[in-house]
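Coordinates in review
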Amino acid sequence: QVQLVESGGGLVQAGASLRLSCAASGRTFSSYAMGWFRQAPGKEREFVAAISRSGGTTYYANFVKGRFTISRDNAKNMVYLQMNSLKPEDTAVYYCAASSNGPRGRTTPWEYDYWGQGTQVTVSS
């Protein structure tokens, strides 16, 4: 079993940057592809970014390409989401998730086995 704890959220102005971190428990972190999702009030949870087990392949939602970067450090059991040029529409609770469904990153919530509790990101205009 994997436990995930996100951190790094906060309130920032449009155009600013934030770096989200996700700490994973367990000794099998490198066995999981990892992803970030977000959920705004009244909306469904949506895919943001994913990374393969090795970290060699990344996947992004179209609306974050060129602004967000996902990375992982398997030695530290950590996954990160660097968010630049933030927009008010990026306001949401951001969730870290782990998937045992193969080596590649996954883009749909039902492909993930474990979820963190989420961290709030608020971008003011």
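Given the structure is predicted, the values throughout are model-derived calculations rather than measurements.

**Brief notes about the environment of Thr 58**
With respect to the helices, strands and loops of the structure, Thr 58 is situated in strand E6 (residues 58–60). Thr 58 sits in the partly exposed class, given a relative accessible area of 33%. Thr 58 sits 46 residues away from Arg 104 along the chain, and the two C-alpha atoms are 8.5 Å apart. Once residues lying within four places of it in the same chain are set aside, the contact partners of Thr 58 are Ala 50, Ile 51 and Ile 70.

**Some words on the nonpolar core**
Grouped together as the largest cluster of nonpolar side chains are 34 residues, with contacts concentrated most on Met 34, Trp 36, Val 79, Leu 81, Met 83 and Tyr 94. Looking at this core, the elements with two or more residues in it are strand E3 (18–24), strand E4 (33–39), strand E5 (46–51), strand E7 (68–73), strand E8 (78–83), strand E9 (92–99) and strand E11 (119–124).

**Overview of the state of the cysteines**
Here the structure, examined in full by the defined rule, presents one disulfide. Each sulfur of the disulfide joining Cys 22 and Cys 96 lies 2.1 Å from the other. On the sign convention where negative is left-handed, the bridge of Cys 22 and Cys 96, at about -80° about the S-S bond, is left-handed. Note that Cys 22 is positioned in strand E3 and Cys 96 in strand E9, a separation of 74 residues in sequence. Accessibility expressed as a relative area gives 0% for Cys 22, which makes it buried. For Cys 96, a relative accessible area of 0% puts it in the buried group.

**Structural notes on the sheet that holds E3**
Spatial strand order, E1-E3-E8-E7: four strands in an open sheet with antiparallel pairing. The sheet is open, and its two edges are formed by strand E1 (4–7) and E7, each paired on a single side. Looking at each pair of strands side by side, their axes are set apart by 15° on average, direction ignored.

Definitions and cut-offs
Residues numbered from 1 in each chain as written. Predicted model: local features only at pLDDT ≥ 70, side-chain atom pairs only at ≥ 80, totals over all residues. Heavy atoms only, no water. Helix = DSSP H or I, 4+ residues; strand = E, 2+ residues; numbered from the N terminus. Buried < 20%, exposed > 50% of the residue type's maximum accessible area, 1.4 Å probe, protein only. Contact = heavy atoms within 4.5 Å. Core = buried A, V, L, I, M, F, W, Y, C linked by side-chain atoms within 4.5 Å. Disulfide = S-S within 2.5 Å. Pairing = 2+ DSSP bridges. Axes fitted to C-alpha atoms, helices over the stretch in contact; angles between N-to-C directions.

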